[in-house]
Protein chains: 2
Amino acid sequence: MATLGDIGLAAAINILTAFAFLLAFAVLRLQPYNDRVYFPKWYIKGVRSSPTNSGSFVNKFVNLDFRSYITFLQWIPAALKMPEPELIEHAGLDSAVYLRIYLLGLKIFAPICILAFAVLVPVNWTNNTLEIEASKESDLEFSTIDKISISNIPTGSNKFWTHLVMAYTFTFWTCYVLFKEYAIIAKLRLHFLASQQRRPDQFTVLVRNVPADPDESTYELVEHFFLVNHPEHFLTHQVVYDANKLSKLVGKKKAMKNWLDYYKLKYERNSSKRPTCKTGFFGLYGKKVDAIEYYTSEIDKLSKEEVKERDRLKKDPKSVMPTAFVSFKSRWGAAVCAQTQQSRNPTIWLTEWSPEPRDVYWRNLAIPFVNLKIRRLVIGVIFFFLTFFFIIPIAIVQSLANIEGIEEAVPFLKPLIEVPFIKSFIQGFLPGIVLKVFLIFLPMILMIMVKFEGFISISSLERRAATKYYIFLFVNVFLGSIIAGTAFQQIETFIHQSVSEFPKTIGIAIPQKATFFITYVMVDGWAGVAGEILRLKPLIVYHLKNIFLVKTEKDREEAMDPGSIEFNANEPKIQLYFLLGLVYAVVAPFLLPYIMVFFGLAYLVFRHQIINVYNQQYESAAAFWPNVHGRVIVAMVVSQIVLLGLLSTKEAANSTPFLIALPVLTIWFHSFCKNRYESAFRKFPLQEAKMKDTLERTREPNLDLKGYLLNAYVHPVFKEVEDYEAASVFNEEDYENVLVPTKRTSRKTTPAPSKYTGSSSSSLLDVHEEYHF
Amino acid sequence: MATLGDIGLAAAINILTAFAFLLAFAVLRLQPYNDRVYFPKWYIKGVRSSPTNSGSFVNKFVNLDFRSYITFLQWIPAALKMPEPELIEHAGLDSAVYLRIYLLGLKIFAPICILAFAVLVPVNWTNNTLEIEASKESDLEFSTIDKISISNIPTGSNKFWTHLVMAYTFTFWTCYVLFKEYAIIAKLRLHFLASQQRRPDQFTVLVRNVPADPDESTYELVEHFFLVNHPEHFLTHQVVYDANKLSKLVGKKKAMKNWLDYYKLKYERNSSKRPTCKTGFFGLYGKKVDAIEYYTSEIDKLSKEEVKERDRLKKDPKSVMPTAFVSFKSRWGAAVCAQTQQSRNPTIWLTEWSPEPRDVYWRNLAIPFVNLKIRRLVIGVIFFFLTFFFIIPIAIVQSLANIEGIEEAVPFLKPLIEVPFIKSFIQGFLPGIVLKVFLIFLPMILMIMVKFEGFISISSLERRAATKYYIFLFVNVFLGSIIAGTAFQQIETFIHQSVSEFPKTIGIAIPQKATFFITYVMVDGWAGVAGEILRLKPLIVYHLKNIFLVKTEKDREEAMDPGSIEFNANEPKIQLYFLLGLVYAVVAPFLLPYIMVFFGLAYLVFRHQIINVYNQQYESAAAFWPNVHGRVIVAMVVSQIVLLGLLSTKEAANSTPFLIALPVLTIWFHSFCKNRYESAFRKFPLQEAKMKDTLERTREPNLDLKGYLLNAYVHPVFKEVEDYEAASVFNEEDYENVLVPTKRTSRKTTPAPSKYTGSSSSSLLDVHEEYHF
């Protein structure tokens, strides 16, 4: 087991690393040429522009104002200064609520930490169990950390009642904070939704699995179905085209256009020589041609192809997916349609709230029901194997990262390893690093898996991937580090254990693993978060791009990578700290300050990043909170079971019944919160919808909603093709009408029914109108 | 372990018992004086009337037509004759679908049984493992049953592949049958709902947790809320009064009235003497008074009290529960309201489909949200203790019911027990009986617990109680009989078992317990079902009542107890047979024929009972099927896990991965079915609602829906008070208007708005009408 010295060294290394990162950040952020790396959010908002406009040439790249270096930590108060409502306005509710997860950690652990150090540490310290044991067995080592952990309480002692009472206190406190937080966030969300501007998704419902009909096209079928079943509310709808091929063409053209710009610029600067290029692979070989002419003709060719493809999409009924965005006359109508079942057969005409247009994951819109179920099964099985067999390499590496393991595996390294400094380094640093490398690539893999599962919005993809990642971390990092590590030490005894021994094994291993997790918190938490603010990867990539690829101002715009919160990768990691904090709160409170430091630092860093850097792709209005809440509950239950196991090995058996009540109460609390608040995150109350509808109608009685919604849910590539077409000769009137209806104002203000909603089904509509009171 | 002889004797006893019951039934049912016991359904339907009208005096009581005795088994073809659509018409969909559970058993187990006997029995028989073992250990006994079970296959044999293939075959067959059945029943249900007459619950939604408002009464608040939020659909509503005290008064008056009738009849027969009675407890002591006068005055007093109480209910705002039945102008409006969330706060304005008026459990209508959550927790904890500590007495009794146990406990009985006949009797019969007695009282206890939980319809109470009962049976009868029984034999080895040993323990115990479960099937299944048709308890109670209590014809009507299916008590028992059948299908196919006989016999008996006897209290349109389906799935998964455990003890380890796939596939199948069909049982599709609405409006354009719905959801006691009042002097016009609006036809045909829906909120309505298109 690592001694206090090992921990101290590891802490020193990590603190130094973190400090180095922060210092580097403080210097780099002041340099004008890094401006687009450290303040992209403001560029996107249009508040800041390239610093190339003023000052001397050197000033453009290096900040020579030394006064600004003196106050190099000024970003911290700046990050904290922005009040929450402004933050919500600036970065969206998702980001603001994401920050509250870190705050939640501080709120939960600050009082727990104080209480644990005030009560548990003295109780643990005033024993000498470990000294007695050490005197019996000469090879047993223990350190100060162990002396203030629960290991130091003698077996069967009455002092365990203190731990029991503390477990109750901690549970109640955590539940209280969680409950308050859920209430606040539900309120924030409802307020946010209520005060939002009119948005297309408020009026729109996504309909999936439209059944095939031999007589009618999907377009007509959807229209008829909703005219019949929602006669007073149906407004308009858009079918979804399988535009993956078109997307490709558009992408290709965009690249071509960029080259064209580049060569035009080149020609402008040096008009004596027409620029040339080669037509082959990446311009590396092939015939030399006039670059501007070549690209102009290529772009023209592609544009024609685009129009042809779009033409084909429109005419070929197979290119229409059995999916449609159906818009309603009122929020009330949309809320009703999204929450009800439409057809007898619950696998067709599936309705759900439409995600924001920018949140739609277009590629998954066409997966049929049975296919979806099979995809879930396949991914479920793959995920199972990924989770449970990924554990093997980690276990092997960690058992090697143990000094004795390494010495056994590579005996010739023994003299080197025995050097005290290196020994400490390996013990304190290596296991964390190994794990870290494993984990870096995982979120990407999980995201690919989840995309295959068929969710239709980016936000739900991220939430789902986060759940998977959390399960993975729980099994592999938490359980894996505890059991596999221990299993290598006591594998003999473990196999022959009885059922009730299982929590005991974990319970015994938990205090032993405290030092490992402290290292983990420092490496992953402290240094990791400090690294996050430095943005080393975007920094390097940006400058590389700037040197080699950036040809135009637009390119520079695109080389800027603001990134985003990456909920799917970051939230499960935070949850791991909640889990560690709650598990160790009673067992080894020494871990708590490390976790507190993590939460504090991460809050600062992410607040800064959210204000200055990240640009969220979508806004889900904190739809992820029930997941966050649920995982903290899981952490609480796990901590209670672990404590139960630990205390039963300590022969504090009479406390067991009291401990069993804890998880029962916690789970009940969860179901209570779920019933109380979760629907605020899943459904849209009719009262709210009606209120907004009424208000809007009073304020803007002549609003042309149809015009407003007409273009909202068109696949983004159609818009691009349209943009091109509007300026080209291929403009055909009837395309515009059907695929991407015109934006001309004359149309917008005339509320005449379009060709479809008017003629083909007006008779049906009339029949219904008659029957309605 | 019991030998084939023991089983034979037990089978003989049970067959004889069953046959005796059937014979007794065949004779008793033909006697006219039992007519109301065996054919109450027809009396209730009004098709049959008391056989007192014709024939001689003796013929009234005894059937002397000996020809009818010859064909005493004719009830069997009669029971089978009625086709299913007629059965649905006659007894409702619930009953018809309930019968399909037995049919499902036959469909699943008939091919499994044939396959098992054709394939598994020969494979098991052609080994001599047990003979070899018996020759090694002299005290090991085995019987023919063991020889054809899986126990006879030698350890590590390749023959286990047969069992593996069979496990797959059985699983796929069961899934196939389940899937087909789910489809059929979903179709039946939707057809039934679609072809139903207009019913109040199609238009009505139950609103719970109406918030308190300082300015408005609940009545006004509900009205305003729905006028605002469902302006085009809201029709009318009824608040719910806390009428428990009134119910009591009405009940008391009813008893008094009955006595009055009795004395009047007595006086009519013998008009020379005015009947007298005593005023004290049960007429046993106290002052002697003129009975007719006394009861007339008492009834009058009670009637006044009733009216006063009703008056108080009406005036005291505290007597109005925060609950209302809200009716809509169309099924569409009701479907929308029932499926959507109304308010921001998801714990108020809870809407759900209103149950049928006769299905409402009035007493639970007023429980607030937090209270409900706490009740669930309390009942959950109680149920946990009931389930897991009820096991102790059963285990003790069963270990006593084992011959050696009894001999040890009461050594002086040893000579008696050792008589071969008695020994066989005890071994074959007793354990089943012991369990049976335990189980008889359980459904009642569970029903009380579930009522406390706060469900608001009788059908949901029964479904919930059934789930609880199933869990109980699973833990106590299935697991309890296997583990506790075994635990008493091998308690030493069991405590020190490891995690993976757990399914192994069950796996090993399963074949050993085959004979016990065969006895159980015979006692509970065969004799129990045959006893069901005899209706011994209702028969005796009816005749006792007839002799001692029946004073008037109305009393005789009431003494007739048709009973009902008692889903909460019977369905979990059937599920136990599914569980046993699936678990033993691969392990010991000898059990299957016994289960087949049970399903066949039960199908016959219950079909007869449903046609002639039972009178369902409500109609839920087979809403219980998802539960039935889910439990069969549970049984499949359990059987697969048990087989896994068993095979791993037999060292057929290379088959384990193939067995693990089975539960995964089964659970996936369940989630597939759930998505595919369950919503047909939980939600009401809008398409369906719209279709019915449109049809109805075309057929009956002038329907006065408001008049139709006005009285539908009035607490039954109000109707009774009203009935009295209509014929008395206490008739006050405005009561009628508010509490129980008049049924007079003049009102009904005039669609003028009532006082409440018209004036107080018409301005609000107008405002909304303006904003609506």
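Residues numbered from 1 in each chain as written. Chains lettered and ligands numbered in written order. Predicted model: local features only at pLDDT ≥ 70, side-chain atom pairs only at ≥ 80, totals over all residues. Heavy atoms only, no water.

What UniProt records for chain A under Subcellular location (unreviewed entry) is the sentence "Membrane". Looking at chain A in UniProt, the text filed under Sequence similarities (unreviewed entry) is "Belongs to the CSC1 (TC 1.A.17) family." (UniProt positions renumbered as here; feature names shortened; annotations may be inferred.)

Draft legend 1. Structural view of the overall build of chain A. The number of helices and strands found in chain A is 38 helices and six strands. Here chain A, with 773 residues, has 55% of them falling under the buried criterion. Within chain A, contacts between residues at least 6 apart in sequence are counted, and of these 82% link residues at least 24 apart. With an accessible surface of roughly 34,500 Å², chain A has 64% of that area assigned to carbon and sulfur atoms. (Helix = DSSP H or I, 4+ residues; strand = E, 2+ residues; numbered from the N terminus. Buried < 20%, exposed > 50% of the residue type's maximum accessible area, 1.4 Å probe, protein only. Contact = heavy atoms within 4.5 Å. Areas by Shrake-Rupley, 256 points an atom, 1.4 Å probe, with all protein chains shown as cover.)

Draft legend 2. The arrangement of helix α32 (residues 686-699) of chain A in detail. Compared with the 20 Å implied by 1.5 Å per residue over 14 residues, the 20 Å span of α32(A) between its first and last C-alpha is a close match. Listed as buried for α32(A) are A:L686, A:E688, A:A689, A:K690, A:K692, A:D693, A:E696 and A:R697. (Expected span 1.5 Å × (residues − 1).)

Draft legend 3. Up close: the packing of helix α30 (residues 625-649) of chain A against helix α31 (residues 656-682) of chain A. Residue and element names in this part refer to chain A. Where α30 meets α31, the closest approach of the two axes is 10 Å, and the angle between their N-to-C directions is 175 degrees. Judged by the inter-axis angle, α30 sits roughly antiparallel to α31. Looking at the contact of α30 with α31 residue by residue, the class counts come to 16 nonpolar, seven polar and two charged. (Axes fitted to C-alpha atoms, helices over the stretch in contact; angles between N-to-C directions. Parallel < 35°, antiparallel > 145°, perpendicular 65-115°, else oblique. Nonpolar A, V, L, I, M, F, W, Y, C, P; charged D, E, K, R; others polar.)

Draft legend 4. Molecular detail of the interface of chain A and chain B. At the junction of the two partners, chain A supplies 56 residues and chain B supplies 57 residues. Summing both partners gives a buried area of about 5,200 Å² for chain A against chain B, and 61% of it is carried by carbon and sulfur. The tally of links between chain A and chain B comes to zero salt bridges. Along the contact surface separating chain A from chain B lie 16 residue pairs in polar contact (both at pLDDT 80 or more). For the side of chain A that touches chain B, the elements supplying multiple residues, two or more each, are α11 (160-195), α13 (218-229), α16 (331-339), α17 (369-389), α31, α32 and α38 (762-771) of chain A. Of all the elements, α31(A) adds the most residues to the side of chain A that touches chain B, at nine residues. For the side of chain A that touches chain B, the per-class residue count stands at 26 nonpolar, 21 polar and nine charged. (Buried area = accessible area lost by both parts, 1.4 Å probe. Salt bridge = Lys/Arg side-chain N within 4 Å of Asp/Glu carboxyl O. Polar contact = N/O pair within 3.5 Å; in protein donor to acceptor, adjacent residues only side chain to side chain.)

Draft legend 5. Local environment of the packing of aromatic side chains. Residues and elements named next belong to chain A. As enumerated under the stated definition, the model contains 70 aromatic pairs over all chains in all. Ring plane angle 35 degrees and centroid distance 6.0 Å describe the contact between F109 and F578, whose orientation is recorded as tilted. With F109 in helix α8 (residues 93-125) and F578 in helix α28 (residues 567-587), the pair connects residues that are 469 residues apart, well separated along the chain. Accessibility expressed as a relative area gives 0% for F109, which makes it buried. (Phe/Tyr/Trp six-rings, centres within 6.5 Å; stacked < 30°, edge-to-face > 60°.)

Draft legend 6. Representation of a positive patch on the surface in the model. Together, A:K266, A:K273, A:K278 and A:K288 line one region of the surface with positive charge. Relative to the helices and strands, A:K273 is located in the loop between α14 (244-269) and β3 (276-278). (Patch = residues over 30% accessible without salt bridge, like charges linked within 9 Å, V, L, I, M, F, W, Y side chains within 5 Å. Lys, Arg positive; Asp, Glu negative; His and termini not counted. Charge placed at Lys NZ, Arg CZ, Asp CG, Glu CD.)

Draft legend 7. Structural view of the pattern of salt bridges. Overall, the coordinates contain 28 salt bridges over all chains when judged by the stated rule. A salt bridge links A:E453 to A:R464, with the nearest nitrogen and oxygen atoms 3.0 Å apart. Here the residue A:E453 occupies a position in helix α22 (residues 442-453), and A:R464 occupies one in helix α23 (residues 458-495), the gap between them amounting to 11 residues. In this structure A:E453 comes out as buried when scored by relative accessible area, which is 1%. Judged by its relative accessible area of 31%, A:R464 is partly exposed. For the salt bridge of B:E453 with B:K468, the shortest nitrogen-to-oxygen distance reads 3.6 Å. Here B:E453, found in helix α22 (residues 442-453), pairs with B:K468, found in helix α23 (residues 458-495); they are 15 residues apart in sequence, far enough to count as distant. For the residue pair B:E453 and B:K468, the accessibility class agrees, reading buried in each case.

Draft legend 8. Molecular detail of the confidence of the model for chain A. Residue and element names in this part refer to chain A. On average, chain A scores 76 in pLDDT, and the residues at 70 or more come to 78%. Ignoring residues within four places in sequence, the model shows residues 485-496, a span with pLDDT below 50, making 13 contacts including any to other chains. A low-confidence stretch, residues 728-773 (pLDDT under 50), is modelled with 70 contacts involving residues beyond four sequence positions or located in other chains. Here the prediction assigns the complex a pTM of 0.76, and the interface score ipTM is 0.72. (pLDDT = per-residue confidence, 0-100.)

Draft legend 9. Local environment of the packing of helix α7 (residues 84-91) of chain B against helix α29 (residues 592-612) of chain B. Residues and elements named next belong to chain B. Running from amino to carboxyl end, α7 crosses α29 at an angle of 50 degrees, the nearest separation of the two axes being 9 Å. Classified by the angle their axes make, α7 and α29 are oblique. On α29, the residues that touch E84, L87, H90 and A91 of α7 are R607, I610 and I611. Residues of the contact of α7 with α29, tallied by class, amount to four nonpolar, one polar and two charged.

Draft legend 10. Inspection of a nonpolar patch on the surface at higher detail. On the surface, a nonpolar cluster with roughly 620 Å² of combined accessible area is contributed by A:V381, A:F384, A:F385, A:F388, A:F389, B:I660 and B:V664. Every element with two or more residues in the nonpolar patch is listed here: α17 of chain A together with α31 (656-682) of chain B. For the nonpolar patch, the element with the highest residue contribution is α17(A), accounting for five residues. Looking at the element boundaries, B:I660 is found in helix α31. In this structure B:I660 comes out as partly exposed when scored by relative accessible area, which is 44%.

Draft legend 11. Structural view of the relation of the copies chain A and chain B. Once chain A is rotated about the relating axis by 180 degrees and shifted along it by 0.0 Å, it coincides with chain B to within an RMSD of 0.2 Å. Accordingly, the operation relating the two chain copies is best matched by a two-fold axis. A symmetric contact is evident, with 100% of the interface residues of chain A recurring at the interface of chain B. (Least-squares fit on C-alpha atoms with pLDDT ≥ 70 in both.)

Draft legend 12. Up close: the sheet that holds strand β2 (residues 234-241) of chain A. Residue and element names in this part refer to chain A. A sheet is described by the order of its strands in space; here four strands give the open sequence β2-β5-β1-β6, paired in antiparallel fashion. Looking along the sheet, the strands with just one partner apiece sit at the ends: β2 and β6 (350-353). Going across the sheet, the axis of each strand differs from the next one's by a mean of 30 degrees, ignoring polarity. By the bridge criterion, six bridges tie β2 to strand β5 (residues 320-328) in an arrangement that is antiparallel. In the sheet register, Y241 faces β5, and the bridge partner there is V320. Each of β1 (204-208), β5 and β6 is contacted by α16, which is oriented at about 130 degrees to β6, the strand it contacts most. (Pairing = 2+ DSSP bridges.)

Draft legend 13. Molecular detail of the pairing of β1(A). Residue and element names in this part refer to chain A. Burial within β1 is extensive, with five of its five residues counted as buried. Alternating positions in β1 separate into two faces, T204, L206 and R208 on one and V205 and V207 on the other, with burial throughout. Bridge analysis of β1 against β6 gives four bridges, and the strand direction is antiparallel. Counted as the bridge partner of R208 is L350 from β6.

Draft legend 14. Structural view of the nonpolar core. One finds B:Y98, B:Y102, B:F478, B:Y584 and B:W625 to be the most contacted residues of the largest nonpolar core, which totals 151 residues. No other element matches helix α8 (residues 93-125) of chain B, which puts 16 residues into this core. Sequence-distant contacts of B:W625, that is, excluding residues within four places in its chain, are made with B:V97, B:I101, B:L104, B:E181, B:Y182, B:I185 and B:F681. In terms of nonpolar packing, the next biggest core, distinct from the first, is built from 140 residues, A:I153, A:A530, A:I565 and A:V628 among them. (Core = buried A, V, L, I, M, F, W, Y, C linked by side-chain atoms within 4.5 Å.)

Draft legend 15. The arrangement of the sheet that holds strand β2 (residues 234-241) of chain B in detail. Residues and elements named next belong to chain B. Taking strand neighbours across the sheet as the criterion, the four strands line up as β2-β5-β1-β6 in an open arrangement whose pairing is antiparallel. If you trace the sheet from one side to the other, it starts and ends with β2 and β6 (350-353), each paired once. On average, each strand axis in the sheet is inclined to that of its neighbour by 30 degrees, with strand direction left out of account. Of the strands in this sheet, β1 (204-208), β2, β5 (320-328) and β6 touch helix α13 (residues 218-229), which is tilted by about 155 degrees from β2.

Draft legend 16. Structural context of the environment of A:Q202. Residue and element names in this part refer to chain A. Its location among the elements puts Q202 in helix α12 (residues 200-203). Overall, the relative accessible area of 8% leaves Q202 in the buried class. For the pair formed by Q202 and S354, sequence separation is 152 residues and the distance between their alpha carbons is 8.0 Å. Setting aside its immediate chain neighbours within four residues, Q202 contacts L193, Q196, Q197, R331, A334, W353 and K692. Engagement of the side chain of Q202 in a polar contact is seen with the side chain of R331, the distance being 3.2 Å.

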